[in-house]
Amino acid sequence: INLTVSSSGGNASSPLMYGLMFEDINNAGDGGVYAELIKNRAFQSSPAFPATLIPWEGVGSTVISLNNASVPLSSALPVSLHVTGNSSTLGISNPGYWGIDVRPQTYTGSFYVLGDYHGFFTASLVSDISNKTLATTKIHSKSVSGAWAQHNYTLIPTAAASNSNNSLVITFNSLGLGAAGSLDFNLISLFPPTYNDRPNGMRPDLMKAMKNLNPSFLRIPGGNNLEGLNPPYRWVWNQTIGPLKDRPGYQGTWNYEQTNGLGVVEFLNWCVDLGVEPVWAIWSGLWLSKQVVSKADLAPYVQDAMNELEFIMGDTSTTYGALRASLGYPEPWILKYIEVGNEDNVNSGQSTYQSYRLSMFYDAIKAVYPDMIIMSSTSNVEYAASAEDYHQYTRPDQFATEFGFFDNYPVSHPTLVGEYATIQYNDGNLAHGANWTSPKAPLPFWIGSVAEAIFTLGIERNQDKIIGASYAPMMQNMNSFEWTPDMIQFAADTSLTTYSTSYHVIQLLSNTRTTTVLPVKSDTAFNSTDVGMAYWVTGSNAESYIAKFAIYNTTGGADVPFSISFPTTSTTASLTYLTADDPYASNAFGGANVVQTTTVDLTAGGNGTFVFSLPQWSVAVLKTS
Ligand code: AHR
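Owing to the predicted nature of the structure, the values given are computational and were not obtained by experimental measurement.

What follows concerns the overall build of the protein. Regarding its fold elements, the protein presents 9 helices and 34 strands. By its C-alpha atoms, the protein is 90 × 60 × 45 Å across when sized along the principal axes. Burial status across the protein gives 60% buried among its 625 residues. A fraction of 74% describes how many contacts in the protein between residues 6 or more apart in sequence connect residues 24 or more apart. For the protein, the computed accessible surface area is about 22900 Å², with 52% contributed by carbon and sulfur atoms. Measuring between centres, the 28 positive side-chain charges of the protein sit 4 Å from its 49 negative side-chain charges.

Turning next to unusual backbone geometry. The step from Ile 220 to Pro 221 runs through a cis peptide bond, and the omega angle for that step is -5 degrees. Turning to its location among the elements, Pro 221 is positioned in the loop between strand 14 (217–220) and helix 2 (224–227). With an omega of -15 degrees, the peptide bond running from Ala 472 to Pro 473 counts as cis. Mapped onto the elements, Pro 473 comes out in the loop between strand 22 (466–471) and strand 23 (475–477).

A large share of strand 31 (residues 572–579) lies buried, amounting to 6 of its 8 residues. Pairing of strand 31 with strand 32 (residues 596–603) involves 8 bridges; the strand directions are antiparallel. When the bridges of strand 32 are listed, Thr 579 appears paired with Gln 596. Bridge analysis of strand 31 against strand 34 (residues 618–624) gives 6 bridges, and the strand direction is antiparallel. From the neighbouring strand, Tyr 577 faces strand 34, where its bridge partner is Ala 620.

The next point concerns the sheet that holds strand 25 (residues 498–499). Taken in spatial order, the 3 strands of this open sheet run 23-24-25, and their pairing is mixed. The open sheet terminates on both sides in strands that have one partner only, identified here as strand 23 and strand 25. Strand direction decides the pairing type here: strand 23 and strand 24 (residues 488–490), joined by 3 bridges, are parallel. Note that in strand 24 the partner of Asn 477 across the bridge is Phe 490.

Where helix 8 (residues 446–460) contacts helix 9 (residues 501–510), the two axes come as close as 8 Å, and the packing angle between them is 30 degrees. Taken together, the axes of helix 8 and helix 9 lie roughly parallel to each other. Taken as a pair, helix 8 and helix 9 cross one another with a handedness that is right-handed. Residues Trp 446, Ser 449, Glu 452, Ala 453, Thr 456, Leu 457 and Glu 460 of helix 8 pack against Thr 501, Ser 502, Val 505 and Leu 509 of helix 9. Looking at the contact of helix 8 with helix 9, its residues break down into 5 nonpolar, 4 polar and 2 charged.

Here the focus is the pattern of salt bridges. Side chains carrying opposite charge are able to pair once their charged atoms draw close together. All chains considered together, the criterion is met by 15 salt bridges. For Asp 205, the salt bridge identified is with Arg 203, shortest N-O distance 2.7 Å. Side by side, Asp 205 and Arg 203 carry an identical accessibility label, which is buried. Across the salt bridge formed by Arg 357 and Asp 344, the nearest N and O atoms sit 2.7 Å from each other. Pair noted here: Arg 357 is in helix 6 (residues 350–368) and Asp 344 is in the loop between strand 18 (337–340) and helix 6, with a separation of 13 residues, a long-range link. Within this structure, Arg 219, Glu 339, Asp 389 and Glu 419 form a network of salt bridges that share partners.

Turning to the layout of surface pockets, a few remarks are in order. Here the largest pocket defines a volume of roughly 420 Å³. Together, 21 residues line the largest pocket, and Lys 39, Asn 40, Thr 52, Tyr 256 and Glu 257 are the ones closest to its centre. Looking at the lining of the largest pocket, its residues break down into 8 nonpolar, 8 polar and 5 charged.

Turning our attention to the domain arrangement of the protein. With domains assigned, the protein is organised as domain 1 (2–13 + 514–624), domain 2 (23–33 + 197–205 + 215–385) and domain 3 (57–191). Distance from the C-alpha centre of domain 1 to the C-alpha centre of domain 2: 39 Å.

In terms of nonpolar packing, the biggest core is built from 113 residues, with Phe 22, Val 33, Trp 270, Trp 280, Leu 309, Met 474 and Met 475 touching the most fellow members. With 9 residues, the single largest contributor to this core is helix 8. Each of domain 1 (2–13 + 514–624) and domain 2 (23–33 + 197–205 + 215–385) contributes no fewer than three residues to this core. With sequence-adjacent residues up to four places away left out, Trp 270 is seen in contact with Phe 22, Val 33, Met 202, Met 207, Met 210, Leu 218, Leu 262 and Met 474.

Turning our eyes to something else, we now look at the site of the ligand. The environment of the ligand is made up of Glu 23, Gly 223, Asn 224, Trp 254, Asn 342, Glu 343, His 391, Tyr 393, Glu 419, Pro 473 and Trp 483. At 2.4 Å, a side-chain N or O of Glu 23 approaches an oxygen atom of the ligand. One of the side-chain nitrogen or oxygen atoms of Glu 343 is found 2.7 Å away from an oxygen atom of the ligand. Summarising the interface, the protein chains cover 94% of the accessible area of the ligand, which totals 280 Å² for the free molecule. Tallied by class, residues from the shell around the ligand come to 4 nonpolar, 4 polar and 3 charged.

Using the criterion set out here, one finds 4 cavities of 30 Å³ or more in the structure. Approximately 80 Å³ is the volume found for the largest cavity. Counted by class, the lining of the largest cavity contains 5 nonpolar, 5 polar and 2 charged residues. As a volume, the second largest cavity reaches approximately 60 Å³. Around the second largest cavity, the lining residues are Leu 226, Arg 234, Trp 235, Val 236, Trp 237, Ala 281, Ile 282, Trp 283, Tyr 301, Asp 304, Ala 305 and Glu 308. Sorting the residues of the lining of the second largest cavity by element identifies strand 17 (277–282) and helix 4 (299–313) as the ones contributing at least two each. Ranked by the residues each element gives to the lining of the second largest cavity, the list is headed by helix 4, at 4 residues. Across the lining of the second largest cavity, the residue classes tally to 9 nonpolar, no polar and 3 charged.

Parameters at a glance
Residues numbered from 1 in each chain as written. Predicted model: local features only at pLDDT ≥ 70, side-chain atom pairs only at ≥ 80, totals over all residues. Heavy atoms only, no water. Helix = DSSP H or I, 4+ residues; strand = E, 2+ residues; numbered from the N terminus. Buried < 20%, exposed > 50% of the residue type's maximum accessible area, 1.4 Å probe, protein only. Contact = heavy atoms within 4.5 Å. Areas by Shrake-Rupley, 256 points an atom, 1.4 Å probe, with all protein chains shown as cover. Lys, Arg positive; Asp, Glu negative; His and termini not counted. Charge placed at Lys NZ, Arg CZ, Asp CG, Glu CD. Pairing = 2+ DSSP bridges. Axes fitted to C-alpha atoms, helices over the stretch in contact; angles between N-to-C directions. Parallel < 35°, antiparallel > 145°, perpendicular 65-115°, else oblique. Left-handed = near helix turned anticlockwise from the far one by under 90°. Nonpolar A, V, L, I, M, F, W, Y, C, P; charged D, E, K, R; others polar. Salt bridge = Lys/Arg side-chain N within 4 Å of Asp/Glu carboxyl O. 1 Å grid on protein atoms, 1.4 Å probe; cavity = no way out; pocket = protein on both sides within 12 Å on 5 of 7 lines; lining within 4 Å. Points joined across faces, edges and corners; volume = space filled by probe spheres on them. Domains from an automatic or database assignment. Core = buried A, V, L, I, M, F, W, Y, C linked by side-chain atoms within 4.5 Å. Near = heavy atom within 4 Å. Polar contact = N/O pair within 3.5 Å; in protein donor to acceptor, adjacent residues only side chain to side chain.

Right under this line is the structure:
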């Protein structure tokens, strides 16, 4: 294949080409990137997920129960952990979200107590296997009858535990109890060091995994998790702000009660810390149960979304901007992209979205924020100059045919590919997309990741029409998940965090961004019969000319020979290509990386062309020096 890259005539690349999508699915938030170590720290509940003691246990013969104390910690957190018993040492223990990662670093904790107690509490990290104490501290009791008292503590293990089977244990001496003979505990919390040392912050290994992808946007807070299972439960922004004791939690969409510890402020700090543009989704009046807010009843929800946006963007003279300032954030954040809802075409949402829901939110937002890019959450609705969010979950063979999918999309109505992934193996028929009743692949696998690269290179060459793309879901907690495959796997033990085959492809493509997409002449068509499914896109940035390639099925499995010339006098270039021995190989959790990265230095021949071959099922980037 002989390629000649033009010096002009292309389009500007989108500054948001590769990004991230997050929602709390697969315990990716609670028990995941939200660094809180204590599971069920505040006994939050909803009809779908009633209050539970799990995974709390009493120490020794300590008796524990759930209690609606006459003095609740707060109206948001009315249920507490009642602790009593006959022995001298009483206490509670919590094994974390499937373990606690213990290393020689400072852990910061807090718990609230109701009841009369004179003496000390002892907080410790203890191995569940050996019962060895890994770190311990004494906390002077401030506990009194009839009022909640907060106790802060730090734990500093001197060595790493041999595994993550560890618990937080808090004990006290029953001889110091008042006449009631019991105490109530609530909001029992413990954090390891967080990314950028943010209080109530994020798990560093997972934030670094994201940072290494060089992302440009973060689409938050969902996904189906935004929508809610059924009325009146939905992701409510103002239940996610302020002190943790004022956050009631949320009947999450994905089979678990959510703490709302990750809220509006945490999401926006997350964007700041990664240096990415928020793509902020607001609730649009549709629940997953297919119930929809009627036109007559929608106005308060529109106003609620406007209050949310004022909280984020309003100056301190506004009601909600002042509320934000009172929480320690006088400077507003800036949103440029807002999505109205999520997948409003499913769950019978299309007709109401089209007839009034999208327009009511759109008009209200535009009136206050005229420059806002407002995305519809479905491809089948166009409203004024809004953009849209398109999702594609399919099989490798179908992705491999979608290089030209966006070629005829309108420039005037840009699209974000807010979710995409290869979710199933091929079934031998190119025309077959995903079948939602069949099992999904457990992990991303190599040809699926190559096929995704064909799809995203198709996006790269249409960056005048496409804003960018994000794989979804982003993270999978290996101890509890609802959805496979996912881009990053993790558990409590931070040393096990695993980057999938798709992660490696996105990392290569995202770290070799162009600023201009350049036209390229070719003597061979994409997917020609003599070569097979080979695709490419070319462009440049301030330092280099760049060509990217994705090679899927080739004719006879042969390598694909290329020669390429760039409009430059530079005679050296670096070629990096990713391959795997087995097209169906995946990166097993905690295992070796099956993706092989090869980098070779190339020198242009006398005619200024670079000559090389790429193997079947590979993704490659060639960059001039
Ligand atoms: O990414 C998982 C789910 O897929 C999202 O919540 C939803 O938007 C889509 O259907």
